[in-house]
Amino acid sequence: MKVVLLEDVKGLGKKGDVVNASDGYVRNFLLPKKLAKNADVQALNDVKNKKASEENKKREEKAAAAELKQRIDGSTIELTAPGAEDGRLYGAVTAKDIAELVEQRFGLKVDKRKIVLPDAIKTYGAVTVELKLYPEIAAKITVVVKP
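What counts as what
Residues numbered from 1 in each chain as written. Predicted model: local features only at pLDDT ≥ 70, side-chain atom pairs only at ≥ 80, totals over all residues. Heavy atoms only, no water. Phe/Tyr/Trp six-rings, centres within 6.5 Å; stacked < 30°, edge-to-face > 60°. Helix = DSSP H or I, 4+ residues; strand = E, 2+ residues; numbered from the N terminus. Buried < 20%, exposed > 50% of the residue type's maximum accessible area, 1.4 Å probe, protein only. Pairing = 2+ DSSP bridges. Contact = heavy atoms within 4.5 Å. Axes fitted to C-alpha atoms, helices over the stretch in contact; angles between N-to-C directions. Core = buried A, V, L, I, M, F, W, Y, C linked by side-chain atoms within 4.5 Å. 1 Å grid on protein atoms, 1.4 Å probe; cavity = no way out; pocket = protein on both sides within 12 Å on 5 of 7 lines; lining within 4 Å. Points joined across faces, edges and corners; volume = space filled by probe spheres on them. Nonpolar A, V, L, I, M, F, W, Y, C, P; charged D, E, K, R; others polar.

Colleague: I'm lost on the packing of aromatic side chains in this one. Help?
Modeller: For any pair of aromatic rings, the description rests on two quantities: the centre-to-centre distance and the angle between the ring planes. Inspection of every chain in the model, using the stated rule, returns one aromatic pair. Ring geometry for Y25 and F29: centres 5.4 Å apart, planes at 15°, overall stacked. With Y25 and F29 both in helix 1 (residues 23–30), this residue pair falls four residues apart, about one helical turn. Given a relative accessible area of 30%, Y25 falls into the partly exposed group.

Shown next, in the form of structure tokens:
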């Protein structure tokens, strides 16, 4: 019997999948626990529309991220930090600091976990940092630390 899963079912499929299951399993387990519904024309059409909507949303998010990348890719952000005479900072410039600067400069709220920074910046100078905007889209900006 064909059913549309309303929840993830271990060993059968994920939510929204159309699967074939034995009649007894469907009648005695899936339907009473509201884990699935019969795959009639309306249910199949709903699944199709929902998947199309998700694809459209992903496409729009990807286009927005690509536009954002063009806007900020290759730009430079400058900040001042206290440090010693030999070029070392008293503290460090972290991904959180860079996220705040990006928000101030571009009005873009970036999660600090989306900033690829090999180590905290502990010296004066320029460092190239990668911002992950979408799974396949990343922008590179230069952070210049001045005394």
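Colleague: For this particular structure, what's the right way to read the sheet that holds strand 8 (residues 125–134)?
Modeller: Backbone-to-backbone hydrogen bonds join strands into a sheet, with any given pair of strands oriented parallel or antiparallel. The mixed open sheet is built from four strands, whose spatial order is 4-9-8-6. Two strands in the sheet have a free side with no partner beyond their single neighbour: strand 4 (76–80) and strand 6 (115–116). Pairing between strand 8 and strand 9 (residues 137–146): nine bridges, direction antiparallel. Each bridged residue has a counterpart across the sheet, and for V129 the counterpart in strand 9 is I141. Together, strand 4, strand 6, strand 8 and strand 9 form the strand contacts of helix 3 (residues 95–106), whose direction differs from that of strand 4 by roughly 120°.

Colleague: Looking at this structure, how should I read unusual backbone geometry?
Modeller: The phi angle of most residues is negative, glycine excepted, and most peptide bonds adopt the trans form. Located in the positive-phi region is K34, a residue other than glycine, with phi close to 55°. Position of K34 relative to the elements: it lies in the loop between helix 1 and strand 3 (36–38). K34 gets classed as exposed once you look at its relative accessible area, which sits at 62%.

Colleague: Before we go on, may I ask you to explain the pairing of strand 9 in this structure?
Modeller: Each regular strand carries side chains that alternate between the two faces of the sheet. Note that strand 4 and strand 9 share five bridges and pair parallel. Bridge assignment links T76 to a residue of strand 9, and that residue is T142. If you look at the hairpin formed by strand 8 and strand 9, you'll find two residues sitting between the two strands.

Colleague: Help me understand the nonpolar core in this model?
Modeller: Inside soluble globular proteins, nonpolar side chains tend to come together where they are buried. Core analysis: the biggest nonpolar cluster contains 28 residues, and I98, V102, L108, I115, L131, L133 and V145 have the highest contact counts within it. Contributions of two or more residues to this core are made by helix 2 (41–72), strand 4, strand 5 (88–93), helix 3, strand 8 and strand 9. At six residues, helix 3 tops the list of elements feeding residues into this core. In contact with V102, other than residues within four places in its own chain, are I77, G107, L108, V110, L131 and I141.

Colleague: Whenever I open this one, the sheet that holds strand 3 confuses me. Can you help?
Modeller: Here we have three strands laid out as an open sheet, ordered 2-1-3, and antiparallel in their pairing. Looking along the sheet, the strands with just one partner apiece sit at the ends: strand 2 (18–20) and strand 3. Within the sheet, the average angular offset between the axes of one strand and its neighbour, ignoring direction, is 40°. Examined bridge by bridge, strand 1 (residues 2–5) and strand 3 share three bridges and lie antiparallel to one another. When the bridges of strand 3 are listed, L5 appears paired with A36.

Colleague: How should the layout of surface pockets be read in this particular structure?
Modeller: Which parts of space are left empty comes out when a probe the size of a water molecule is rolled across the atoms. Space inside the largest pocket adds up to approximately 250 Å³. Contributing to the lining of the largest pocket are 14 residues, with L5, K15, G16, V47 and K50 lying nearest its centre. Breaking the lining of the largest pocket down by element, the ones donating at least two residues are strand 1 and helix 2. The dominant element in the lining of the largest pocket, judged by the number of residues it contributes, is helix 2, at six residues. Taken together, the residues of the lining of the largest pocket sort by class into five nonpolar, one polar and eight charged.

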